[in-house]
Structures are given as structure tokens and as C-alpha cells.
Amino acid sequence: MSLHPLRDKRASLADAIALVPDGAIVALGGGLSARLPMAGVRELIRQGRRGLHLVGSAHSIDVDLLVAAGAVRRCEESYVGFEQDLGLAPAYRRAAEAGSIEVAESCCATMLAQLRAAEMGLPFLPVRGVRGSDIATLHPEYATITCPFTGETLIAAPALRPDVALLHAPSGDRYGNLHLEQPYVLDERFASASRMVIATVDELVSTEEVAAAGVTIPGHLVAATVVAPYGAHPASCYPRYAYDRVHLREYVAAAQGGPDDLDKYLATYVYGGEESYRAAIGPERLAALAGWSDSTSAWRELFS
Amino acid sequence: MSWTIDEWFVVALARTIRPAETVFHGFGSPCAQVAMHVARRTSAPDMLLVEGAMYAINPDPPFIPPTSNDASLSRGAAYSMRFEEFFDAAIRGDVDRMFLSGGQIDAAGNTNVTAIGPAGRPKVKLGGGGGGCNLSATIGQLTLWTTRHRSGHTLVEACDFITDIGHRTPLGTRAELGFTGGGPQWLVTELGVFDFPAGRARLVQLFPDVSVAEVRDATGFAVEAAGDLRTVRPPSVAELAAVRSVDPLAVRQAEFSARELTRVFEHGAGQDCAC
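Not measured: the values here are computed from a predicted model.

**Q** Looking at this structure, how should I read the environment of Ala213(A)?
**A** Looking at the element boundaries, Ala213(A) is found in helix H8 (residues 207-213). Contacts of Ala213(A), omitting those with residues within four sequence positions, involve Ser171(A) and His179(A).

This is the structure in C-alpha cells:
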């Protein structure tokens, strides 16, 4: 793939996500409760995508929801869960325990090396850790090599080239230039390692505006830009909105409840489309999440 | 003056940080997270604090939120590292200490955060190790912790799955595996504190409401107690004030069972001064 010319890349969510085939290796941007590409995740479910191989660092509702909807064959993240706050990821856990997904749990640093190898067009990069950890047993594709200079034994981790990266940004322009706020997590690495980047943005802005805010991911790496307001919700997308802990708690309860409760969740929040999603969350709640910056107490209130 | 086990536990974790160290905690680790801010406000003001999943340097968060990569955690920081900047620094040996926990921890300090039961078909799939299986190889010292020692399921003879590496695994010692970091230095539990002379956990401190017999009952490996076994030093006024102001939402308590949170301690006759 060569770099993308700076043409107008605006697309509808449905058209952009239709570019993701069944069975694709999909990199999910963001991490934990920050900047998850949730609009894209929900659209993958609406389009009935199957057999996906998900890769990412530490993730939560994005992976769990895709697993719950039956879209996933293989999970290759360093963590999937809701931290100490809401605990284990219910659908991911159930599928892993039932053997209905392959769990190729990885390590953030190994995945970083694998993405860097892909970015550099190299077949592998060495990593120093992993040996002695049972994580190595989940990855028969790793090899052991001897450094030709020092004689050290190291793990060779093969290049990882996702077919598609789904990234969400607070703002971007029609040419695919994206501004992100920290934490960037692996988004920059995904952008240059993947065969295709599909970006969702809360707001489409002019090139002058995105340049002034700072371009984190350049348009020449991006294939499609989709306007998806609150497209990371229930994850945060600063500076626009904080994460929605109340909604995450509702999701975790539904996922713990089992298939019937999950079906109800999908019917209420996913199948109707993004506009219907925002309506189901409610304008007052979305405004409260966007009001995090009003005062420290308003911000803190969102977490209590 | 009285205090609860979660406050004392966090203080015990904070005291494992030495002056001028560069220290990191993983995500989903509220006790370690609070402890690092407590240390920076009390015993280690010159430490370099790398804040969890924000990788922010020396932030002053207005509160600790219940998630590890919220923007509140980088407030007051002039700089946040990129993901790769942090991992590069850790892998080349520039990070001095990391806090690590696990659903299982063995006597050599190996931890399991991946799965209970056989990995191919786990009885319980845990969340996963984040960056631990590389970081535990190269970071200078590790402070391990658990708040679930009393369950009897956490400190085990052998982990079902080794995610993060302690002093030795069935494949060899750290030296044999080519690891440049020193491995686990401390293991702090809600019952007491272990060190690792010769690479094996040894009980060196107890909380005052816990007996050695209780520790032995709750531990899956044979517990060696130090000859000079001591009581954990009570928190100072400054340490307690730091815990309470750093963590007004008390996110640290999410790591404890309801039973543990009823443990209240008071400064009184026969105890060390807590001033």
C-alpha cells in the first residue's frame, strides 16, 4: 500500500466499516476507558461481522462487546477487563472459559516491537523479556534467536501488520489528519503498521484548526474519515468528554447477566444506529460528560 | 488517631519506594497508584513518578479516578511520555521500580494475572498482564502486592500460569534467562510484608492483628519467618494525611474485601509513636 493522497476521505460509518472483511486482523485504538473506537465497534456488530482477530494493548468494553456479539475468533490483547472498579470482562471471560474464542494474550512491549517491525518493513524484532513467562506458550509464532554480536538469547517476535486499524479522534479534517490527546496508546503505531486506517472523529474541523491543535496522525496514513459524535462513548475522548462509568456499570451487569440481558443491551444501544445510541444515552447525560471541565467538583462527581 | 487497613496497607507499599527512584504502576492498581503519590508527598519527594496508563511525569491529580487512563491523572504534569517512550525506558533499564500484583503469587515472586486452571481451557480467565512479562524482566526492583492473601488462594506453591517473572521459573533463574532487572524485592499483603533473600519470600513484618499461624494458614508455600519479625510501623500523621488527600474517592478500597475494611487501628499505649 502506498501512502494515501490528501483527497476528501469523508465516508459514512456504514460504508467505511464495510471495508472490513470477515476474518480481518483488526487493531483497536485507544485503551481501557480512553478513546475506544466504539462507533466503529457498534457498526461492525450491526453489519454482522464474524471471525475477527482483534489486536490491541489493554482494552475493555470494545473487545467484550464484539466477543458478546459473536464477531470474534481470536483475541490478542495484553488485557481485557474493567480494572479494579468493575472487574473481569464478562463476555470475554465466558468465551475464553468455554473455548469459543482463541486467547492469544500478548504483552504491551512485545506488541509494540511487532508493530515497529511492520512499520519498518522488517520480518521481526527481538525482545528481552517473555522467556520464562507462560505468555510465550500462547505464541508458537515466537522464535528464539542468538544475538550475533553479544551472544544473548532473545525472543524474536514477528512483524504484526493489522489489516485494519479503527481509531477514534476528538477532531480531524476531511483529508484524514487527526488530532489526539494523550494517551495516544498504540494509535500512532497502528496507523503506520496497518494496511488500512479507518478513523472516526467527534467533529470534522478545517485543516487550519487541526493543524493548530496539532496533527498526531497524518492524513496520508488514513483511508477514511467518519464523523461520529460521541463515537468513543462510553469511553472518554478528552478534551470533549469524560468516560461514562454509569453506562459501563450497566453494560457489565448486562454482560454478567448472560445472553438475554446482552440481547436487550444490543437492542437498546447497538442495533438502532449511532443517532439512536446517542438518544438512548440521553442528551443530559452526554452534556454532563462533556461538562467535566466546568469545575473539579463536576469532574469528580462523574466518578463517584 | 485511628486508621483503617487500606490506609496502612498503602503506606506500607509507599515505604518500599526509595529516594530518587523512577517508579511506575500498572493499570487497575489503585493501591499502588495511591502509594506512589503518598511516597512523593512524604518519604520520597524527589522520586520520578510515572503515572500508570497516562505515563504522566510527576502529576498532581485532583483525585484518583477509578480508571487508570483518565486525563485527571496527568493534571499538573508538564509532560506525558508516549507509550513507546515509557516501554523503551523500562526495557533499557531506566525505570527503578514497578508495582505488580496477581491473582496468584508464588514463593519466587512469579505472578499470574492470566488464567486460573489450564491456560487452554481456564477455570477463570483473568484480565491479563498488560506489559508485565517484559517489564518484570528489566525494571530495577519489583514491589509485589496483594490484598487477597487471607483467601488462601493467592499465595500459592506454584502459579497455574506464570505471566510476570519472579526470581526463578521452571525455565531458569533470572540470570539464566538473561534478565537485567533485580526482580521482586518486597511482597506486601494485607497480613504482612515479605522480602526475598536468596530469591524466596520470607515474612519480615506483620500487621498487629495478625499472627504467624494465620499467615501460614493462608499461604500455599512454606512460610519462613525472619528472626527479627516485626510489626509494621504505624503510619505517621503525615502519611495518613497524604493518603486521605491523594485519594478522596477512596478508590484504594476497591481492592479489599468488606471484611478487611472493618480492620481499624488506633494509636495507643504499647504502640510505637505514630507522630
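Let us keep going from here.
**Q** Whenever I open this one, the pairing of strand E11 (residues 164-172) of chain A confuses me. Can you help?
**A** Along a regular strand, successive side chains alternate from one face of the sheet to the other. Residue and element names in this part refer to chain A. For E11, the tally of buried residues reaches 9 of 9 residues, placing the bulk of the element in the interior. Sheet topology note: the strand E1 (residues 25-28)/E11 ladder contains 3 bridges and is parallel. From the neighbouring strand, Leu28 faces E11, where its bridge partner is Leu166. The pairing of E11 with strand E12 (residues 178-179) spans 2 bridges and is classified as antiparallel. Bridge pairing in E12 links Ser171 to His179. Here E11 hands over to E12 after 5 residues, with Gly176 in that stretch at a positive phi of 95°.

**Q** Sorry if this is basic, but what is going on with the sheet that holds strand E8 (residues 124-127) of chain A here?
**A** Picture the strands of a sheet paired through backbone hydrogen bonds; they go either parallel or antiparallel. All names here are of chain A. Ordered by their spatial adjacency, 3 strands build an open sheet running E8-E10-E9, and the pairing between neighbours is antiparallel. The sheet is open, and its two borders are formed by E8 and strand E9 (143-146), each paired with just one other strand. In this sheet, neighbouring strand axes are inclined to one another by 40° on average, regardless of whether the strands run parallel or antiparallel. In the sheet, E8 pairs with strand E10 (residues 153-158) via 4 bridges, with the strands oriented antiparallel. Its bridge partner being in E10, Pro126 is matched across the sheet by Ala156. Across the sheet, helix H6 (residues 108-120) is in contact with E8 and E10; its angle to E8 comes to roughly 150°.

**Q** Would you explain the sheet that holds strand E7 (residues 111-112) of chain B in this entry?
**A** All names here are of chain B. Taken together, 3 strands build an open sheet; the order of strands is E7-E6-E11 and the sheet is mixed. Edge strands, defined here as strands with exactly one partner in the open sheet, are E7 and strand E11 (155-156). Judged from the 2 bridges that link them, strand E6 (residues 104-106) and E7 form a sheet pairing that is antiparallel. The residue of E7 that forms the bridge with Gln104 is Asn112.

**Q** What is the right way to look at unusual backbone geometry in this model?
**A** Excluding glycine, residues mostly have negative phi values, and the peptide bonds linking residues are mostly trans. Residue and element names in this part refer to chain A. In this structure, Pro183 follows Gln182 across a cis peptide bond, with omega equal to 5°. Looking at the element boundaries, Pro183 is found in the loop between E12 and helix H7 (187-193). The linkage connecting His233 with the following residue, Pro234, adopts the cis geometry, with an omega of 10°. The residue Pro234 is located in the loop between strand E14 (224-227) and helix H9 (245-257) in this model.

Cut-offs and rules
- Just so you know, the residues in each chain are numbered from 1, in the order the chain's sequence is written.
- Here every chain gets a letter starting at A, and every ligand a number starting at 1, in the order they are written.
- For a predicted model such as this one, the threshold for reporting local features is a pLDDT of at least 70, and the threshold for listing and counting side-chain atom pairs is 80 or more; totals across whole chains, interfaces and linings nevertheless cover every residue.
- Here a strand is any run of E in DSSP of at least two residues, a helix any run of H or I of at least four, and the numbering for each starts at the N terminus.
- Each residue is represented by a C-beta atom placed from its backbone, and any two residues with such atoms within 7 Å are regarded as in contact.
- To assign burial, the other C-beta atoms lying within 10 Å of each residue's own C-beta are counted, with C-beta atoms placed from the backbone; 20 or more indicates buried, 12 or fewer indicates exposed, and intermediate counts indicate partly exposed.
- Whether two strands pair comes down to DSSP finding at least two bridges between them.
- Axis geometry follows a simple rule: fit a line to the C-alpha atoms, using only the stretch in contact for helices, then measure angles between N-to-C directions, giving values from 0 to 180 degrees.

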